[in-house]
Each structure stands twice: as structure tokens, then as C-alpha cells.
Amino acid sequence: MAKYWLMKSEPGSYSIDDLKREGQTFWDGVRNYQARNLMRDEMQVGDRVLFYHSNTAPVGVAGLARVVREAYPDHTARDPHDAHYDPKASHENPRWYMVDIEFEEKFPQILGLDQLREIKGLQEMVLLNRSRLSVQPVRTAEFKTIVKLARSLSE
DNA sequence: GCCAACGTTGGC
DNA sequence: GCCAACGTTGGC
């Protein structure tokens, strides 16, 4: 059974349009243990992802992606020139992991955080309660509600 | 750019 | 293992 996730990105560094253009990307730069554990231990090929734009205007769900490669070491942790460099990461103990995702769909409009807050049935979403986690699980019903609503938005 | 929330680090 | 200091996230 495919699982459902929400992954956040600041569109200034990587947006749904970037993913659409490139088709596929590796999700590097996660430096939070809870988010890492979810990627490393829970994510499987075929899982579906809500691609979320954070730290922008408007913030919200921008589209859909799919996991195409399970977790493997995030090489950027061992690159001193990378913004997410971690001196404690090593070849033997990579410490940080990433997955690959592939573009699936861009919604006609961003489904805004303010809109999500108003929907009954989404009130227990991790996004609305633990806003800082950058990779988080989404319930099946939540995922379906969001996709249906987002697709109903006009251009 | 501000700042609240909250995760991480490190001295003890 | 506690907890203060510090750093980061992310909405506004």
C-alpha cells in the first residue's frame, strides 16, 4: 500500500516548476532527525507526495510527486561547500539520507494554507499542528481531500 | 524582517 | 540526563 507524505520546499530554492522541468530530483538537505527517519524508514517507491511551497506567498500545496527511489546517503552532507554541510557525516556513517521523487502534477493554483485550515477533516493534519516538520506523513483521507479540492480550483 | 515555536548542542 | 543557550524553520 502506497503511503502519503507532504514535503516542503522553499520555491526560491526548488519549486514545483523546477520539478516539472527536470522531471525528477533528489531530496537533499533534510537535517532533522524526525524527517530523516520518515524518509529512511518509512518511504517506499510508489508513495505519493504533496509538494508544499513554504516561506513564500502564498504558502500551500503546489502539486504532486511520487517517490521513485528509496532512501540513500545524502552526499551534500559531506560537501564542505554545501549549505547543508555536516562535519559529523562520514562515508561509514552518512547520518543524513535523501530519496528521489518524480514530478506528477502541478495544481492549477496553489491550495493555500489558509484554505486548508478551513476544511473540516484536515484539522488533525501534521501540517496544521506541527508546522515545522519538513517531511511529514499525511493520512489517506487527507491526501484525497486535498487532491480533489486542488483539482477543482480553476486556473 | 520579525519572532514564536521548537529542535539541537553541550556544559555540568 | 537536565536544561540553558543557541540555531533554524516558516508564517506573517
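Before reading on, note that the structure itself is shown above.
Criteria and thresholds
Residues numbered from 1 in each chain as written. Chains lettered and ligands numbered in written order. Predicted model: local features only at pLDDT ≥ 70, side-chain atom pairs only at ≥ 80, totals over all residues. Heavy atoms only, no water. Near = heavy atom within 4 Å. Polar contact = N/O pair within 3.5 Å; in protein donor to acceptor, adjacent residues only side chain to side chain. Nonpolar A, V, L, I, M, F, W, Y, C, P; charged D, E, K, R; others polar. Phe/Tyr/Trp six-rings, centres within 6.5 Å; stacked < 30°, edge-to-face > 60°. Lys NZ or Arg CZ within 6 Å of the ring centre and 35° of its normal. 1 Å grid on protein atoms, 1.4 Å probe; cavity = no way out; pocket = protein on both sides within 12 Å on 5 of 7 lines; lining within 4 Å. Points joined across faces, edges and corners; volume = space filled by probe spheres on them. Helix = DSSP H or I, 4+ residues; strand = E, 2+ residues; numbered from the N terminus. Core = buried A, V, L, I, M, F, W, Y, C linked by side-chain atoms within 4.5 Å. Buried < 20%, exposed > 50% of the residue type's maximum accessible area, 1.4 Å probe, protein only. Contact = heavy atoms within 4.5 Å.

Asker: Requested: an account of the protein's contact with DNA strand C, with residues and values cited.
Answerer: Near DNA strand C lie eleven residues; those nearest to it are Lys8, Tyr52, Asn55, Val59 and Arg132. In the interface set of DNA strand C, defined as its atoms within 4 Å of the protein, sugar plus phosphate atoms amount to 70%. With respect to DNA strand C, the side chain of Asn55 contributes an N or O atom lying 3.0 Å from a base nitrogen. The contact in question runs from a phosphate oxygen of DNA strand C to an N or O atom on the backbone of Arg132, over 2.5 Å. When the residues that make up the surface near DNA strand C are grouped by side-chain class, the tally is four nonpolar, four polar and three charged.

Asker: Run through the packing of aromatic side chains, naming residues and quoting values.
Answerer: Counted by the stated rule, this structure contains three aromatic pairs. Sitting above the plane of the Tyr72 ring, Arg69 keeps its charged end 3.4 Å from the centroid.

Asker: Hey, could you go over the layout of surface pockets for me, with residue numbers and the actual values?
Answerer: Gaps left between atoms are located by rolling a probe of water-molecule size over the structure's atoms. In this model, the largest pocket occupies a volume close to 620 Å³. Residue lining of the largest pocket: 20 residues in total, with Lys8, Ser9, Glu10, Ser13 and Asp28 positioned closest to the centre. Looking at the lining of the largest pocket, the elements that each hand over two or more residues are strand 1 (4-9) and strand 2 (24-26).

Asker: Report on the nonpolar core, specifying residues and quantitative values.
Answerer: Met7, Trp27, Met39, Met43, Ile101 and Val135 are the most contacted members of the largest nonpolar core, which totals 21 residues. If we skip the residues at most four places from it in the chain, Val135 touches Leu6, Met7, Trp27, Val30, Ala35, Leu38, Met39 and Met43. In terms of nonpolar packing, the next biggest core, distinct from the first, is built from 20 residues, Leu50, Met125, Phe143 and Val147 among them.

Geometric descriptors of this kind do not, in isolation, establish any biological role.
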